[in-house]
Amino acid sequence: MPHHTRWPLAALLLASLGLPAAAIEGPPSPFGEKLTIDEKGITLKFPDDAATLRIGGRLQLDFGTGRVQQRGFGTVFDTPVAVRRSWIESYLTLGKELELAFQYDFAEPNRPINDAVVAYKGFTNVIVAVGNMKEPFSLNQLISDNNTLFTERSLADAFAPARNFGFAVGTHGENWTAVTSVFGGNINNAGIGDQGVASTTRVTYAPYLSKDGTDVLHVGLAGSYRALPNDGSALTLSSRSEAFLFARQFVNTGAIRDAASIGRIGLEAAWQAGPFRLQAEYILTEIGRSSGAPSLSFQGGYIQAGLLLNGKGRRYTIAPRYATEYAVFGGVEVEEAQRVSRGGTGVFELGLRYSAIDLEDRTIRGGIEQDFTAGINWYPDRNIRFVFDYVRSHTSPSPANLNFNRRTIDADVFIGRAQLYW
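Only a predicted model underlies this, so the values are computations on that prediction, with no experimental measurement involved.

Caption draft 1: Representation of the packing of aromatic side chains in the model. Counting across every chain of the model gives eleven aromatic pairs. Aromatic rings pair up to connect Phe 77, Phe 246 and Phe 250 into one cluster. The cationic tip of Arg 277 hangs over the ring face of Phe 329; the distance from NZ or CZ to the ring centre is 4.5 Å.

The structure is reproduced here in structure tokens:
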């Protein structure tokens, strides 16, 4: 029997922590709308599916320690504890055709707005979206940070365009997807059109996909080309070791002041058999130059494996609710009996990853980095996750602009995350 409450925020916290009520409903309304508070957040639903409003959020707190085996590197971590993300997010569904989404990150001073999207779903198996959203590129980037295997994405994520403001059209079948788009710059920047124009397309195919989505063979191809503005602004590509707390990058091209365009090709593959998943990507990035000099080529990739010790496989989802996140893996499901709040032990997951990035070409000496990551995740309840990663980073040679005379940089990091999401 649902419990009634006059304190929705307190009730939401109790529900998110897995306390006895599976769902908390407000008192009956004269207009027929129903307020529900559960692990999905606060949901207000109107009769006949006329409208549904859901308010959720996520809080990620990172902590750890690290050591760099290179004199003169300086501060390893700015702080041993920091808020990685602190989101409030809202989703409004109008009928069965219109979706609106807005996400705001209080922990990000430079780019607080994440998704700000309006999507139309009135055509069969087609989503038309406008707004600030992820460009359809890279499986690892398109998977929600709530559901990534490790605290951070791989080194190759430095090449993924991530979120910008644009227009996208996507479609899908039972085991394939295709989405194409045009994007400007990020909505948080002063001028959306001041960062050039990009065309980005991704297609995927699953030659094998089980009915429940936990067994799948996935392959994908993505391409992106962005014409950069001819205003003298510089392009920089960089990455730090796979831990948010690091104070400095380990590889960095420095300012490429004659960059005229940036092209990307991404190859992705994944195989999941129940609780085991193997996933890999390779990204090639080419920088065209306005000075007539030869183009620059950089590359990166990763291979990772995850194993759920006592849980089902992550569900593979062909179509998103809105925007461009087609053909991705969802989160770990914690069954009722496994919840710590019900006397269980939660779900445990192991992960291993090797990733690399090469920012060396012609006159650019940005460095080459390789990371090895081993991690364990614990899901004590449906809205809670703890992540513990060990990252071994090896940079050789180091970037010319770090003033280490191109010497090797080795680092060891233990990084953890406490995550609450609803």
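Here the narrative resumes.
Caption draft 2: Examining empty space enclosed by the protein more closely. Per the counting criterion, the structure on display carries three cavities of 30 Å³ or more. Reported here for the largest cavity is a volume of approximately 50 Å³. In terms of lining residues, the largest cavity is bounded by Gln 272, Gly 274, Pro 275, Phe 276, Arg 277, Gly 306, Leu 308, Gly 313, Arg 314 and Glu 349. Where the lining of the largest cavity is concerned, the elements lending two or more residues are strand 16 (276–289) and strand 17 (296–308). Classifying every residue of the lining of the largest cavity gives three nonpolar, four polar and three charged. Ser 138, Asn 140, Gln 141, Ser 154, Ala 156, Asp 157, Glu 281, Ile 283 and Tyr 302 together form the lining of the second largest cavity. Within the residue set of the lining of the second largest cavity, elements represented by two or more residues are helix 2 (139–142) and strand 16.

Caption draft 3: Looking closely at the nonpolar core. Residues Phe 159, Ile 287, Phe 298 and Leu 359 are the most contacted members of the largest nonpolar core, which totals 19 residues. Of all the secondary-structure elements, those providing two or more residues to this core are strand 15 (259–273), strand 16, strand 17 and strand 20 (347–361).

Caption draft 4: How the structure looks around the layout of surface pockets. Estimated volume of the second largest pocket: approximately 1600 Å³. Taken together, 44 residues line the second largest pocket, and the ones lying closest to its centre are Arg 54, Asn 147, Arg 321, Gly 330 and Gly 331. Its residues assigned to classes, the lining of the second largest pocket shows 14 nonpolar, 13 polar and 17 charged.

Caption draft 5: Structural context of the environment of Lys 45. Here Lys 45 lies in strand 3 (residues 41–45). When its relative accessible area of 38% is taken as the criterion, Lys 45 is described as partly exposed. Apart from residues no more than four positions distant in its own chain, Lys 45 is found in contact with Gly 32, Glu 33, Lys 34, Ala 51 and Thr 52. A distance of 3.5 Å separates the side chain of Lys 45 from the side chain of Asp 49, its partner in a polar contact.

Thresholds, definitions, all that
- Residues numbered from 1 in each chain as written.
- Predicted model: local features only at pLDDT ≥ 70, side-chain atom pairs only at ≥ 80, totals over all residues.
- Heavy atoms only, no water.
- Phe/Tyr/Trp six-rings, centres within 6.5 Å; stacked < 30°, edge-to-face > 60°.
- Lys NZ or Arg CZ within 6 Å of the ring centre and 35° of its normal.
- 1 Å grid on protein atoms, 1.4 Å probe; cavity = no way out; pocket = protein on both sides within 12 Å on 5 of 7 lines; lining within 4 Å.
- Points joined across faces, edges and corners; volume = space filled by probe spheres on them.
- Helix = DSSP H or I, 4+ residues; strand = E, 2+ residues; numbered from the N terminus.
- Nonpolar A, V, L, I, M, F, W, Y, C, P; charged D, E, K, R; others polar.
- Core = buried A, V, L, I, M, F, W, Y, C linked by side-chain atoms within 4.5 Å.
- Buried < 20%, exposed > 50% of the residue type's maximum accessible area, 1.4 Å probe, protein only.
- Contact = heavy atoms within 4.5 Å.
- Polar contact = N/O pair within 3.5 Å; in protein donor to acceptor, adjacent residues only side chain to side chain.

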